[in-house]
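# Residue-level structure breakdown
The primary structure of each chain is shown beneath.
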Amino acid sequence: MATLLRKIGLIRLHDRDTDGAKHQGSRKATKSGSQKNANKQCNSSSNESILLQSDHHHHYHSNHQQQHNHKRSEQPPSTKDSNKDKQQAGSKVPPASSSSGGSSSSIPGQPPNKQHCAQVRSRRLMKELQDIRKLTDHFISVELVEDNLFEWNVKLLQVDKDSALWQDMKETSTECILLNLNFPDNFPFSPPFMRVLSPRLENGYVLDGGAICMELLTPRGWSSAYTVEAVMRQFAASLVKGQGRICRKVGKTKKAFTRKEAEATFKSLVKTHEKYGWVTPPVSDG
């Protein structure tokens, strides 16, 4: 009996040891499994960290490259390229035209074409003044209106001495026939506007307001070769040819010619002559 009990006790001890060993083995297996899972998690987290770092480095490198390219695009061109562009731009600029006679004067604030026209007009009129002052027959004399080179008062001192007009001048003690000339911007390529100021004349192709009916004073009949002296000689001849006389009628002699009336009359006669030519128009057209 005692032997049987000892055997049972040994069996229990063996079973307990066996259970303890199994329990320890399962604990070791569980521990190793948990360590493996922990290692896997650690490896996966490490891999994710590496990927994140790689993505961050790639994103930083991409942004840095874009900023570098943007800075390069904003940088000014090199000195060599800028000099080349300046040379090309300079080659396109037309050379400045030099005026004849070495004159360097110009009117500020005006386009080049207007400056050139003003210079041509000034030079031509200065030459005209000099030529008139050199005349020996004292046919005409010139005075600038308020020192304006482009507006003249011209005194016609002589007409045909065998004409009725010359006789009228002697009888009325009229020293001269006074005319006013205005020179346009594009003179001498356009005619001056010329009108009689005094005395008040009748006939002789002198119309209302002192307007003068002469083809050479119209744009169609004008030539840049005409000089003021030549125009005045032609006018003196037309006065005599048209039987011009000094008006002596009471009331009319005191009525002075006006520029406004002269301009309106001149425009009307130019329109009439453009329609019929430079012949005597019908009475119905005035």
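Residues numbered from 1 in each chain as written. Predicted model: local features only at pLDDT ≥ 70, side-chain atom pairs only at ≥ 80, totals over all residues. Heavy atoms only, no water.

### A short note on the overall build of the chain
Rules: Helix and strand definitions here come from DSSP, where helices need a minimum of 4 consecutive H or I residues and strands a minimum of 2 consecutive E residues; each element is numbered from the N-terminal end. Relative accessibility thresholds used throughout: buried, under 20% of the residue-type maximum; exposed, over 50%; partly exposed, between the two (1.4 Å probe, protein chains only). The contact criterion used throughout is that any non-hydrogen atoms of two residues lie within 4.5 Å. Surface exposure here means Shrake-Rupley accessible area, sampled with a 1.4 Å probe, where a residue is shielded only by the protein chains that are shown.
Regarding its fold elements, the chain presents six helices and six strands. Taken across its 286 residues, the chain has 27% of its residues classed as buried. The long-range share in the chain, meaning contacts at least 24 apart out of those at least 6 apart in sequence, stands at 60%. Surface exposure of the chain reaches about 20,500 Å², of which carbon and sulfur atoms provide 53%.

### Some points on helix α4 (residues 164–171)
It helps to recall that an α-helix has 3.6 residues per turn; residues three or four apart then point in one direction. Condition: Comment: arc refers to directions from the helix axis out to C-beta atoms.
Among all positions of α4, only Leu165, Trp166, Asp168 and Met169 are buried. Looking down the long axis of α4, one finds its buried residues gathered within 155 degrees of arc, a one-sided arrangement. Where the residues of α4 are buried, they touch β3 (177–182), β5 (201–202), α5 (228–241) and β6 (245–246). Positive backbone phi, at 55 degrees, marks Ser173, one or two positions downstream of α4.

### Considering the packing of aromatic side chains
What counts here: Think of it this way: a Phe, Tyr or Trp ring, Trp meaning its six-membered ring, pairs with another when their centres are within 6.5 Å, and the plane angle makes it stacked under 30 degrees, edge-to-face over 60, tilted otherwise. Counted as over-ring charges are cases with an Arg CZ or a Lys NZ within 6 Å of the ring centre that also lie within 35 degrees of the ring normal.
Scanning all chains against the criterion turns up five aromatic pairs. Arranged with centres 4.8 Å apart and planes meeting at 65 degrees, the rings of Phe183 and Phe187 form a pair that is edge-to-face. Consider the rings of Phe187 and Trp222, whose centres lie 6.2 Å apart with planes at 40 degrees: the pair is tilted. Of the two residues, Phe187 is situated in the loop between β3 and β4 (193–198) and Trp222 in the loop between β5 and α5; the sequence distance between them amounts to 35 residues. Judged by its relative accessible area of 10%, Trp222 is buried. Every member of this aromatic cluster is reached through a ring pair, and the members are Trp152, Phe183, Phe187, Trp222 and Tyr226. In this arrangement the basic side chain of Arg121 is found over the ring face of Phe150, its NZ or CZ atom lying 3.4 Å from the centre. The ring of Phe139 has Arg233 sitting right over it, with the charged end atom 4.3 Å from the ring centre.

### Some details on the sheet that holds β4
Heads up, the condition is: When DSSP locates at least two bridges between a pair of strands, those strands are taken to pair. Working convention: axes come from line fits to C-alpha atoms, limited for helices to the stretch in contact. Angles between N-to-C directions cover 0 to 180 degrees.
Read across the open sheet, the four strands follow the order β1-β2-β3-β4; overall the sheet is antiparallel. In this open sheet, the two strands that pair with only one neighbour each are β1 (140–145) and β4. With strand direction ignored, the average angle separating the axes of adjacent strands in the sheet is 30 degrees. Bridge analysis of strand β2 (residues 148–156) against β3 gives six bridges, and the strand direction is antiparallel. Bridge pairing in β3 places Val154 opposite Leu179.

### Some details on the confidence of the model for the chain
To be explicit about the condition: As a per-residue measure, pLDDT reflects the predictor's confidence and takes values from 0 up to 100.
When pLDDT is averaged along the chain, the result is 74; 56% of the residues meet or exceed 70. No element of the chain has a lower mean pLDDT than helix α2 (residues 79–92), which averages 48, and none a higher one than β3, which averages 98. Here residues 76–80 is modelled with pLDDT under 50, and outside its nearest four sequence neighbours on either side it reaches zero contacts, counting other chains as well. When the criterion is pLDDT under 50, residues 89–106 qualifies, and its contacts beyond four places in sequence or with other chains add up to six contacts.

### A closer look at the pairing of β2
Taken residue by residue, a regular strand's side chains alternate between the two faces of the sheet. Where β1 and β2 come together, six bridges link them in antiparallel fashion. Among the inter-strand pairings, Leu144 is bridged to a residue of β2, identified as Trp152.

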